[in-house]
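This is what each chain is made of:
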Amino acid sequence: SNLAFAYALIDYVPEFDDGSDLFDHIAMKAVEIGAEFNAQDMSNMVWAYATVDKTHAVLFEAMGDQVLAFEHLGEFRPQALSNTVWAYATANVPHPKLFEKVAYHIDESDSLVRFDPQAIANIVWAIATAGVHHSKLFEKMANHIVESDSLDRFNPQNLSNTVWAYATA
(Lines give C-alpha, C1' and ligand atoms only; values in the text may rest on other atoms or scores of the structure.)
Protein backbone atom coordinates (compact mmCIF):
# COMPACT_ATOMS: atom_id res chain seq x y z
CA SER A 1 0.00 0.00 0.00
CA ASN A 2 2.88 2.37 0.68
CA LEU A 3 4.12 2.05 -2.89
CA ALA A 4 0.72 2.95 -4.35
CA PHE A 5 0.37 5.74 -1.79
CA ALA A 6 3.76 7.21 -2.71
CA TYR A 7 3.02 7.20 -6.44
CA ALA A 8 -0.41 8.74 -5.80
CA LEU A 9 1.21 11.54 -3.80
CA ILE A 10 3.24 12.51 -6.85
CA ASP A 11 0.33 11.71 -9.21
CA TYR A 12 2.39 9.35 -11.34
CA VAL A 13 1.30 5.99 -12.77
CA PRO A 14 4.21 4.26 -14.53
CA GLU A 15 3.11 2.40 -17.65
CA PHE A 16 4.71 -0.71 -19.15
CA ASP A 17 5.21 -1.87 -22.75
CA ASP A 18 2.48 -4.53 -22.41
CA GLY A 19 -0.16 -1.85 -21.80
CA SER A 20 -0.39 -2.46 -18.06
CA ASP A 21 0.76 -0.06 -15.41
CA LEU A 22 2.27 -0.29 -11.95
CA PHE A 23 -1.13 0.11 -10.31
CA ASP A 24 -2.48 -2.92 -12.22
CA HIS A 25 0.33 -5.04 -10.78
CA ILE A 26 -0.02 -3.62 -7.27
CA ALA A 27 -3.77 -4.33 -7.34
CA MET A 28 -3.27 -7.96 -8.32
CA LYS A 29 -0.79 -8.51 -5.50
CA ALA A 30 -2.94 -6.59 -2.99
CA VAL A 31 -5.96 -8.76 -3.77
CA GLU A 32 -3.78 -11.84 -3.27
CA ILE A 33 -2.47 -10.76 0.15
CA GLY A 34 -5.34 -8.52 1.27
CA ALA A 35 -6.00 -10.56 4.40
CA GLU A 36 -2.60 -9.41 5.69
CA PHE A 37 -3.49 -5.72 5.38
CA ASN A 38 -4.15 -3.67 8.47
CA ALA A 39 -6.60 -0.78 8.63
CA GLN A 40 -4.08 1.82 7.46
CA ASP A 41 -2.93 -0.37 4.56
CA MET A 42 -6.49 -0.75 3.28
CA SER A 43 -7.19 2.94 3.62
CA ASN A 44 -3.95 3.95 1.89
CA MET A 45 -4.57 1.50 -0.94
CA VAL A 46 -8.05 2.66 -1.92
CA TRP A 47 -7.13 6.32 -1.33
CA ALA A 48 -4.19 5.97 -3.73
CA TYR A 49 -6.31 4.40 -6.47
CA ALA A 50 -9.05 7.03 -6.15
CA THR A 51 -6.45 9.81 -6.11
CA VAL A 52 -4.90 8.72 -9.43
CA ASP A 53 -8.35 7.96 -10.87
CA LYS A 54 -7.72 4.22 -11.19
CA THR A 55 -10.89 2.29 -10.48
CA HIS A 56 -9.86 -1.32 -10.13
CA ALA A 57 -13.13 -3.11 -9.39
CA VAL A 58 -11.56 -6.30 -8.05
CA LEU A 59 -9.25 -4.38 -5.72
CA PHE A 60 -12.03 -2.16 -4.38
CA GLU A 61 -14.29 -5.15 -3.83
CA ALA A 62 -11.52 -7.07 -2.04
CA MET A 63 -10.53 -4.14 0.19
CA GLY A 64 -14.16 -3.36 1.00
CA ASP A 65 -14.85 -6.98 1.87
CA GLN A 66 -11.74 -7.00 4.05
CA VAL A 67 -12.99 -3.94 5.95
CA LEU A 68 -16.32 -5.71 6.44
CA ALA A 69 -14.46 -8.73 7.82
CA PHE A 70 -13.18 -6.62 10.72
CA GLU A 71 -15.33 -7.37 13.75
CA HIS A 72 -14.96 -3.81 14.96
CA LEU A 73 -13.61 -0.76 13.14
CA GLY A 74 -11.83 0.57 16.22
CA GLU A 75 -8.49 -0.19 14.56
CA PHE A 76 -9.26 2.52 12.00
CA ARG A 77 -8.19 6.02 12.95
CA PRO A 78 -10.68 8.72 11.99
CA GLN A 79 -8.56 9.77 9.01
CA ALA A 80 -8.37 6.17 7.76
CA LEU A 81 -12.16 5.82 8.00
CA SER A 82 -12.55 9.14 6.25
CA ASN A 83 -10.07 8.31 3.49
CA THR A 84 -11.65 4.91 2.93
CA VAL A 85 -15.20 6.13 2.37
CA TRP A 86 -13.88 9.16 0.44
CA ALA A 87 -12.04 6.81 -1.93
CA TYR A 88 -15.10 4.67 -2.64
CA ALA A 89 -17.28 7.74 -3.22
CA THR A 90 -14.65 9.49 -5.35
CA ALA A 91 -14.05 6.38 -7.46
CA ASN A 92 -17.82 5.93 -7.72
CA VAL A 93 -17.50 2.34 -6.50
CA PRO A 94 -20.69 1.13 -4.87
CA HIS A 95 -20.20 -0.86 -1.68
CA PRO A 96 -23.31 -0.11 0.42
CA LYS A 97 -22.38 -2.54 3.20
CA LEU A 98 -19.05 -0.77 3.67
CA PHE A 99 -20.70 2.63 3.97
CA GLU A 100 -23.33 1.25 6.34
CA LYS A 101 -20.70 -0.38 8.57
CA VAL A 102 -18.62 2.80 8.76
CA ALA A 103 -21.70 4.94 9.44
CA TYR A 104 -22.92 2.54 12.13
CA HIS A 105 -19.46 2.39 13.74
CA ILE A 106 -19.22 6.18 13.95
CA ASP A 107 -22.80 6.50 15.18
CA GLU A 108 -22.14 3.97 17.95
CA SER A 109 -18.83 5.53 19.04
CA ASP A 110 -18.75 7.30 22.37
CA SER A 111 -17.08 10.42 21.12
CA LEU A 112 -16.20 12.25 17.94
CA VAL A 113 -13.46 14.30 19.61
CA ARG A 114 -10.78 12.54 17.55
CA PHE A 115 -12.52 13.49 14.28
CA ASP A 116 -11.07 16.68 12.84
CA PRO A 117 -13.10 18.90 10.47
CA GLN A 118 -11.63 17.29 7.36
CA ALA A 119 -12.55 13.80 8.55
CA ILE A 120 -16.08 14.92 9.39
CA ALA A 121 -16.50 16.71 6.07
CA ASN A 122 -15.10 13.80 4.06
CA ILE A 123 -17.27 11.24 5.83
CA VAL A 124 -20.56 13.08 5.44
CA TRP A 125 -19.66 14.03 1.84
CA ALA A 126 -18.77 10.43 0.95
CA ILE A 127 -21.88 8.96 2.53
CA ALA A 128 -24.14 11.52 0.83
CA THR A 129 -22.31 11.02 -2.49
CA ALA A 130 -22.78 7.25 -2.22
CA GLY A 131 -26.49 7.77 -1.67
CA VAL A 132 -26.47 6.04 1.70
CA HIS A 133 -29.12 7.37 4.06
CA HIS A 134 -28.05 7.26 7.69
CA SER A 135 -29.89 10.02 9.52
CA LYS A 136 -28.50 9.02 12.93
CA LEU A 137 -24.93 9.55 11.73
CA PHE A 138 -25.75 12.94 10.23
CA GLU A 139 -27.52 13.98 13.43
CA LYS A 140 -24.60 12.83 15.57
CA MET A 141 -22.09 14.69 13.39
CA ALA A 142 -24.19 17.87 13.46
CA ASN A 143 -24.58 17.70 17.23
CA HIS A 144 -20.84 17.21 17.62
CA ILE A 145 -20.04 20.22 15.43
CA VAL A 146 -22.44 22.44 17.40
CA GLU A 147 -21.60 21.12 20.89
CA SER A 148 -17.85 21.28 20.36
CA ASP A 149 -18.12 24.75 18.83
CA SER A 150 -15.69 23.57 16.16
CA LEU A 151 -17.23 25.21 13.12
CA ASP A 152 -14.54 27.90 13.18
CA ARG A 153 -11.94 25.16 12.56
CA PHE A 154 -13.59 24.17 9.23
CA ASN A 155 -11.77 25.57 6.21
CA PRO A 156 -13.90 26.72 3.24
CA GLN A 157 -13.66 23.33 1.49
CA ASN A 158 -14.63 21.40 4.65
CA LEU A 159 -17.53 23.75 5.23
CA SER A 160 -18.86 23.62 1.68
CA ASN A 161 -18.56 19.81 1.50
CA THR A 162 -20.37 19.47 4.82
CA VAL A 163 -23.17 21.82 3.83
CA TRP A 164 -23.52 20.06 0.46
CA ALA A 165 -23.70 16.67 2.19
CA TYR A 166 -26.45 17.81 4.54
CA ALA A 167 -28.38 19.37 1.66
CA THR A 168 -28.04 16.18 -0.37
CA ALA A 169 -28.51 13.46 2.24
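The present account deals with the structure reproduced in this document. Source: prediction; values computed, not measured. (Residues numbered from 1 in each chain as written. Predicted model: local features only at pLDDT ≥ 70, side-chain atom pairs only at ≥ 80, totals over all residues. Heavy atoms only, no water.)

### Concerning the nonpolar core
Now for step 1: Judged by nonpolar contacts, the single largest core of 54 residues is most densely connected at Met45, Tyr49, Phe76 and Ile106.
Now for step 2: Of all the secondary structure elements, the ones that give two or more residues to this core are α1 (2-9), α2 (22-33), α3 (39-51), α4 (57-69), α5 (78-90), α6 (96-108), α7 (117-129) and α8 (135-147). (Core = buried A, V, L, I, M, F, W, Y, C linked by side-chain atoms within 4.5 Å. Buried < 20%, exposed > 50% of the residue type's maximum accessible area, 1.4 Å probe, protein only. Helix = DSSP H or I, 4+ residues; strand = E, 2+ residues; numbered from the N terminus.)

### Points about the packing of aromatic side chains
Now for step 1: Applying the stated criterion across every chain, the model contains six aromatic pairs.
Now for step 2: For the ring pair phenylalanine 60 and tyrosine 88, a centre distance of 5.0 Å and an interplane angle of 85° mean the geometry is edge-to-face. Remark: tyrosine 88 occurs in helix α5 and phenylalanine 60 occurs in helix α4; sequence separation between them is 28 residues.
Now for step 3: Note on phenylalanine 60: relative accessible area 0%, which makes it buried.
Now for step 4: Residue classification places tyrosine 88 among the buried residues on the basis of a relative accessible area of 0%. (Phe/Tyr/Trp six-rings, centres within 6.5 Å; stacked < 30°, edge-to-face > 60°.)

### Side note on the pattern of salt bridges
Now for step 1: The tally for this structure, following the rule as stated, stands at four salt bridges.
Now for step 2: Note that aspartate 24 is salt-bridged to lysine 54, the shortest N-O span being 3.3 Å. Of this pair, aspartate 24 sits in helix α2 while lysine 54 sits in the loop between α3 and α4; the two residues are 30 residues apart in sequence, bridging distant segments of the chain.
Now for step 3: Taking relative accessible area as the criterion, aspartate 24 reaches 22% and is therefore assigned partly exposed.
Now for step 4: Taking the shortest distance from any N to any O, the salt bridge between lysine 136 and aspartate 107 comes out at 3.7 Å. One end of the pair, lysine 136, is in helix α8; the other, aspartate 107, is in helix α6, and 29 residues separate them in sequence.
Now for step 5: When its relative accessible area of 12% is taken as the criterion, aspartate 107 is described as buried. (Salt bridge = Lys/Arg side-chain N within 4 Å of Asp/Glu carboxyl O.)

Function-wise, these values are silent; they only describe arrangement.
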